[in-house]
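Structural characterization, general
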Amino acid sequence: MRILVIGGAGYIGSHTVKQLLTRGHDVTVFDNLSLGHRRAVPAERLVVGDLRDIDHIDQLMVTSRIEAVIHFAALANVGESVKEPARYYTNNLIYSLNLLDRCRRNGIGKFVFSSTCAVYGTPAVVPIVESEKKSPINAYGNTKLAFEMALADYAAAYPFGYAALRYFNAAGAAADATIGEHHEPESHLIPIVIQAAMGKRPHVEIFGNDYPTPDGTCVRDYIHVDDLAAAHILALDKITPKSGQVYNVGIGRGYSVRDVIRTVEEVTGSKVPVKEAPRRVGDPAELIANPDKIKRELGWSAKYADLRSIVETAWNWHKSHPNGYGE
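In short, a report on the structure. (Residues numbered from 1 in each chain as written. Predicted model: local features only at pLDDT ≥ 70, side-chain atom pairs only at ≥ 80, totals over all residues. Heavy atoms only, no water.)

**Things to note about the overall build of the protein chain**
We count it as follows: A run of H or I in DSSP becomes a helix once it reaches four residues, and a run of E becomes a strand once it reaches two; helices and strands are each numbered from the N terminus. With the radius of gyration taken over C-alpha atoms, the globule rule is written as 2.2 Å times the number of residues to the power 0.38. Buried residues are those whose accessible area, probed at 1.4 Å on protein chains only, stays under 20% of the maximum for their type, while exposed residues exceed 50% and partly exposed ones sit between those limits. Contact criterion: two residues are considered in contact whenever any of their non-hydrogen atoms come within 4.5 Å of each other. Residue-level accessible areas treat just the shown protein chains as cover; the underlying method is Shrake-Rupley with a 1.4 Å probe.
Looking only at helices and strands, the protein chain features 10 helices and 14 strands. Here the protein chain has a C-alpha radius of gyration of 19 Å; the compact-globule value for 327 residues is 20 Å, and the two agree. Counting only C-alpha atoms, the protein chain reaches 55 × 40 × 40 Å along its principal axes. The buried share of the protein chain, taken over its 327 residues, is 57%. Of the contacts made within the protein chain by residues no fewer than 6 positions apart, 78% connect residues no fewer than 24 positions apart. For the protein chain, the exposed surface amounts to about 13700 Å²; the carbon and sulfur share of it is 50%.

**Remarks on the environment of phenylalanine 113**
Structurally, phenylalanine 113 is set in strand S5 (residues 110-116). For the pair formed by phenylalanine 113 and valine 17, sequence separation is 96 residues and the distance between their alpha carbons is 14 Å. What phenylalanine 113 contacts, discounting residues up to four positions off in sequence, is His71, Lys144, Phe147, Glu148, Leu151, Ala163, Ala164 and Leu165.

**Some thoughts on the sheet that holds strand S2 (residues 26-31)**
Through backbone hydrogen bonds, the strands of a sheet pair up, either in parallel or in antiparallel fashion. Convention followed: Two strands form a pair only when DSSP identifies at least two bridges running between them. An axis is simply a line fitted to the C-alpha atoms; with a helix, the fit covers only the stretch in contact. Between two such axes, the angle follows the N-to-C directions and lies from 0 to 180 degrees.
Spatially, 7 strands are ordered S3-S2-S1-S4-S5-S6-S11 in an open sheet, and the strand pairing comes out parallel. Taken across any chain shown, the strands that pair with only one partner, and hence form the sheet edges, are strand S3 (46-48) and strand S11 (243-249). Strand-to-strand, the axes of this sheet are offset by a mean angle of 20°, without reference to chain direction. As paired elements, S5 and strand S6 (residues 161-167) share 7 bridges and run parallel to each other. Residue pairing in the sheet places lysine 110 in a bridge with glycine 161 of S6. Across the face of the sheet, helix H1 (residues 11-22) comes into contact with strand S1 (2-6), S2, strand S4 (68-71) and S6 while running at roughly 165° to S2.

**Observations regarding the sheet that holds strand S12 (residues 255-256)**
Here we have 3 strands laid out as an open sheet, ordered S12-S9-S14, and mixed in their pairing. Unpaired on one side and paired on the other, S12 and strand S14 (286-287) mark the two borders of the sheet. When strand S9 (residues 219-220) meets S12, the two strands line up antiparallel, connected through 2 bridges. In the strand pairing of S12, valine 219 is matched with serine 256.

**Remarks on helix H7 (residues 225-238)**
Which entries qualify depends on this criterion: Multiplying one less than the number of residues by 1.5 Å gives the expected span of a helix.
Spanning 14 residues, H7 covers 20 Å between terminal C-alpha atoms, matching the ideal 20 Å at 1.5 Å per step. Taken residue by residue, H7 has Val225, Asp226, Asp227, Leu228, Ala229, Ala230, Ala231, His232, Ile233, Ala235 and Leu236 as its buried positions.

**Some thoughts on the environment of alanine 74**
By the secondary structure assignment, alanine 74 is in the loop between S4 and helix H3 (78-83). Beyond its immediate sequence surroundings of up to four residues, alanine 74 is in contact with Leu35, Asn91, Asn92 and Lys144.

**Topic: the pattern of salt bridges**
Short version of the rule: We define a salt bridge as a side-chain nitrogen of Lys or Arg found within 4 Å of a carboxyl oxygen belonging to Asp or Glu.
As enumerated under the stated definition, the model contains 17 salt bridges in all. Among the ionic pairs, arginine 279 bridges to aspartate 210, the shortest N-O distance being 2.9 Å. Here arginine 279, found in the loop between strand S13 (274-277) and S14, pairs with aspartate 210, found in the loop between strand S8 (204-207) and S9; they are 69 residues apart in sequence, far enough to count as distant. Exposure remark for arginine 279: the relative accessible area of 44% places this residue in the partly exposed category. A salt bridge links arginine 308 to glutamate 266, with the nearest nitrogen and oxygen atoms 3.6 Å apart. Of this pair, arginine 308 sits in helix H10 (residues 307-320) while glutamate 266 sits in helix H8 (residues 257-268); the two residues are 42 residues apart in sequence, bridging distant segments of the chain. Several salt bridges converge on common partners, so that one network encompasses Asp55, Asp58 and Arg102.

Written as structure tokens, this is what we have:
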């Protein structure tokens, strides 16, 4: 299949591209490299461009005879979205709607969307099922939910099908350590803790120690990036015209901030300095997936089903790439 991967040089996008190529798909990667990295994808697959340049994307759709789109290009920092909602609505909603409309004009009938568990806000019931009430508590979650609604309306009106994957916390790196996680600045917990273990930062801040959780710190469901990439490909294969599905993608088990710190210490053999800090705005106490639907309908299952195995792959990447992609 000829697939256009928007934001494909980023963390989750690059791992998905790697798996798509392994499966023999013809992949075009479109990325502005603001968050992605040239070295994360094969050079001959990469087209550098911005999501706002919809005419450039339109041209690629035509010249590459694109049959499907996987859309990763989003701003995704929860705290930033609270402070700068305009950036998030512009990029995550307006530019994404332009992309969706060009898919319609060019007869592209398959679309996989990188959504988020942030659409649930603070859930009433954990683990979370897809039918749980959607009540985002930050602009990031609001923009993702709004685009999910647009996808559903397009599928109802046009010969178009989609899948929206509601990620929980992506983590880890490719098993062969050729690609991994590198953000500037880093905002994800596991690489932050690993960097502290390596002496690359003075300490790890724990944002809040009074949540209603077993140890008072936030609890999250960590999903390995390769398992997440595999979910995109399974979802893509099952899309049919005028249909749409949403899936939670997580392992169905939660780990606290202190669990992550302890596991990184065990894997690396290094003590991690910790500093207590106030809660951050927009952080729910507990987010854990119920992944039964994606297991049942797509036959997906997590190969990395515990925190330690996920952290081990992340540690292997950081050991072999102490400066990330070095760009």
